[in-house]
Amino acid sequence: MVSMTTSTSMTATAGETVTVQARTYQPPPAGPALADLAVDWFGAHARELPWRRPEAGPWGVLVSEIMLQQTPVHRVLPVWETWLRRWPTPASLAAEPSGEAVREWGRLGYPRRALRLHQAAGAIVERHGGAVPDQLDDLLALPGVGSYTARAVAAFAFRQRHAVIDVNVRRFVARAVEGTAAGPTAVSRRDLELVADLLPADPETAARASAAFMELGALVCVARAPRCPACPVQEHCGWLAAGSPPSDAPARRPQGYAGTDRQVRGRLLAVLRDATGPVEQELLDQVWDEPVQRDRALAGLLADGLVVRCAPGVYALPT
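Along each chain, the written sequence defines residue order, and numbers are assigned to residues from 1. A pLDDT threshold of at least 70 governs which residues receive local features in this predicted model, and a stricter bar of 80 or more applies before side-chain atom pairs are shown or counted, although totals over entire chains, interfaces and linings include all residues. Based on all heavy atoms of the structure, the side-chain values leave hydrogens and waters out of the count.

### Some thoughts on the overall build of the protein chain
Turning to step 1, where the next piece is worked out: Working definition: helices are DSSP H or I runs of at least four residues, strands are E runs of at least two. Numbering for both runs from the N terminus. Secondary structure assignment for the protein chain yields 15 helices and 5 strands.
Turning to step 2, where the next piece is worked out: Across the 319 residues in the protein chain, those meeting the buried criterion constitute 46%.
Turning to step 3, where the next piece is worked out: Whether two residues are in contact is decided by their heavy atoms: any pair within 4.5 Å suffices. Pairs at least 24 residues apart make up 62% of the contacts formed inside the protein chain by residues separated by at least 6 positions.
Turning to step 4, where the next piece is worked out: Exposure was quantified through the Shrake-Rupley algorithm and a 1.4 Å probe, taking into account, for residues, occlusion by the shown protein chains and nothing else. Split by element, the accessible area of the protein chain, about 15,500 Å² in all, is 53% carbon and sulfur. Per-residue accessibility, obtained with a 1.4 Å probe over protein chains only, is compared with the maximum for each type, and a residue is labelled buried under 20%, exposed over 50%, and partly exposed between these values.

### With respect to the sheet that holds strand β5 (residues 314-316)
Turning to step 1, where the next piece is worked out: In space, the 3 strands of this open sheet follow the order β3-β5-β4, with antiparallel pairing throughout. The two strands at the open ends of the sheet, each matched to only one other strand, are β3 (279-280) and β4 (308-311).
Turning to step 2, where the next piece is worked out: When DSSP finds two or more bridges between two strands, those strands count as paired. Pairing between β4 and β5: 3 bridges, direction antiparallel. Its bridge partner being in β5, Arg309 is matched across the sheet by Tyr315.

### Let's talk about the packing of helix α2 (residues 57-67) against helix α3 (residues 73-86)
Turning to step 1, where the next piece is worked out: In this analysis an axis means a line fitted to C-alpha atoms, helices contributing only their contacting stretch, and an angle means the value between N-to-C directions, from 0 to 180 degrees. It is at 10 Å that the axes of α2 and α3 come closest, and there the two elements cross at 145 degrees. The hand of the α2/α3 crossing is right-handed. Counted together, Trp59, Gly60, Val63, Ser64 and Met67 of α2 and Val76, Val79, Trp80, Trp83 and Leu84 of α3 form the full contact between these two elements.
Turning to step 2, where the next piece is worked out: Looking at the contact of α2 with α3, its residues break down into 8 nonpolar, 2 polar and no charged. Handedness of each helix crossing follows the sense of rotation of the near helix against the far helix: counterclockwise by less than a right angle gives left-handed, clockwise gives right-handed. Each residue receives one of three labels: charged for Asp, Glu, Lys and Arg, nonpolar for Ala, Val, Leu, Ile, Met, Phe, Trp, Tyr, Cys and Pro, and polar for the others, Gly being one of them.

### Some points on the environment of Pro245
Turning to step 1, where the next piece is worked out: In this structure, Pro245 sits in the loop between α12 (238-241) and α13 (261-274).
Turning to step 2, where the next piece is worked out: Relative accessible area serves as the criterion here: at 25%, Pro245 is assigned to the partly exposed category.
Turning to step 3, where the next piece is worked out: Counting along the chain gives 63 residues from Pro245 to Ala182, while the straight-line C-alpha distance between them is 10.0 Å.
Turning to step 4, where the next piece is worked out: Not counting residues within four places of it along the chain, the set of residues in contact with Pro245 comprises Gly179, Ala181 and Trp239.

### What to know about the packing of aromatic side chains
Turning to step 1, where the next piece is worked out: Ring geometry is summarised as follows: Phe, Tyr and Trp rings, the Trp one being its six-membered ring, pair when their centres sit within 6.5 Å, and such pairs are stacked at plane angles under 30 degrees, edge-to-face over 60 and tilted between the two. Within this structure, the stated rule accounts for 4 aromatic pairs.
Turning to step 2, where the next piece is worked out: On the numbers, 5.6 Å between centres and 70 degrees between planes, the contact of Trp51 with Trp80 is edge-to-face. Of the two residues, Trp51 sits in the loop between α1 (33-45) and α2 while Trp80 sits in helix α3, which places them 29 residues apart along the sequence.
Turning to step 3, where the next piece is worked out: In textbook terms, an aromatic cluster arises when at least three aromatic residues are bridged by ring pairs, as seen for Trp83, Trp87 and Trp105.

### Quick notes on the pattern of salt bridges
Turning to step 1, where the next piece is worked out: Should a side-chain nitrogen of Lys or Arg be within 4 Å of a carboxyl oxygen of Asp or Glu, the pair is scored as a salt bridge. Applying the stated criterion to the full structure yields 13 salt bridges.
Turning to step 2, where the next piece is worked out: Linking Glu48 and Arg53 is a salt bridge whose minimum nitrogen-to-oxygen distance equals 3.0 Å.
Turning to step 3, where the next piece is worked out: Taking relative accessible area as the criterion, Glu48 reaches 59% and is therefore assigned exposed.
Turning to step 4, where the next piece is worked out: For Arg53, a relative accessible area of 36% translates into the label partly exposed.
Turning to step 5, where the next piece is worked out: Of the charged contacts, one joins Arg159 and Glu204 as a salt bridge, the two residues approaching to 3.2 Å between their closest N and O atoms. Residue Arg159 is located in the loop between α8 (147-156) and α9 (167-176), and its partner Glu204 is located in helix α11 (residues 203-219); the two are separated by 45 residues in the primary sequence.

### Regarding the environment of Leu219
Turning to step 1, where the next piece is worked out: For Leu219, the position within the fold is in helix α11.
Turning to step 2, where the next piece is worked out: When its relative accessible area of 24% is taken as the criterion, Leu219 is described as partly exposed.
Turning to step 3, where the next piece is worked out: Remark: the alpha-carbon pair of Leu219 and Asn168, spanning 51 residues in sequence, is separated by 9.1 Å.

### Some thoughts on the environment of Ser92
Turning to step 1, where the next piece is worked out: Mapping Ser92 onto the fold places it in helix α4 (residues 90-94).
Turning to step 2, where the next piece is worked out: Classification of Ser92 as partly exposed rests on a relative accessible area of 22%.
Turning to step 3, where the next piece is worked out: Linking Ser92 and Gly130, residues 38 residues apart in sequence, is a C-alpha distance of 9.3 Å.
Turning to step 4, where the next piece is worked out: Dropping the residues within four chain positions of it, Ser92 is found in contact with Arg86 and Trp87.

These values are about where atoms sit, not about what they do.
Structure follows, in structure tokens:
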């Protein structure tokens with residue numbers, strides 16, 4: 001990683017040149033010019049992902065965005081492909097019980113997302129004739145679709161000009177434009193306005209820029225050991241110019257899994273997914289030795305709608 005320090009770089013205006021440790025630093029170009037650099041890089045280095053192909057359609061994009069929440073691409077790829085083969089349209093998913101969505105979700109994690117997708121599919125059929133809506137407000141009104149997902153679908157599926165900010169975009173923009181190690185955890189109106197100002201006026205190019213910012217954050221401007229020499233905006237990066245200062249945010253401890261209620265929930269769901277019908281309590285009791293935690297995990301699954309009680313001591317996926 002290249003380090004640069006200067007006392008004047010952060011107050012320089014766009015277009016000025018500041019010499020820093022035998023290098024030349026130019027503050028980020030005004031407006032969309034920074035996006036142009038990212039888009040050019042994206043054209044040469046973007047990953048070939050199936051939901052980026054035109055044939056994926058808006059439904060394929062919506063499914064990918066919900067699956068990719070807190071889940072890496074390599075885990076999503078096989079599940080996304082299986083899902084779209086089985087349910088190529090919202091109507092095909094909405095026609096099946098929600099429990100089938102939970103079953104097909106497999107071990108992707110955070111299975112409530114499967115229920116949200118099923119609910120969204122039903123709403124798309126009821127409100128929009130089975131076609132994923134192309135208006136931001138209509139997307140936001142779908143069950144389980146938040147601000148980020150709605151903006152991502154509008155941009156990537158319908159090629160509209162919207163600020164799309166995930167953790168990768170937030171980190172890239174915080175470093176390149178604001179000169180800090182990382183942005184805030186929550187996306188504010190200011191963040192949306194800042195990223196929107198970086199987007200080209202043309203909607204198609206703006207959508208491509210949104211994808212480019214995201215890809216740069218995922219592949220180059222990563223949280224640890226960023227690959228700065230490979231970054232197309234390194235000569236304009238405020239974070240490098242400031243000497244790559246560390247984040248002043250408290251370190252986040254990785255969330256554990258072994259021994260948690262999440263692990264127990266996963267084991268209980270695995271038994272129900274693999275079963276061809278309702279499952280009796282005795283079979284579920286075998287997945288975890290600690291009865292209090294096991295009962296708590298099962299109660300959580302029932303409360304979340306991921307499991308239903310068919311009869312006393314008999315459970316199944318929702319129908």
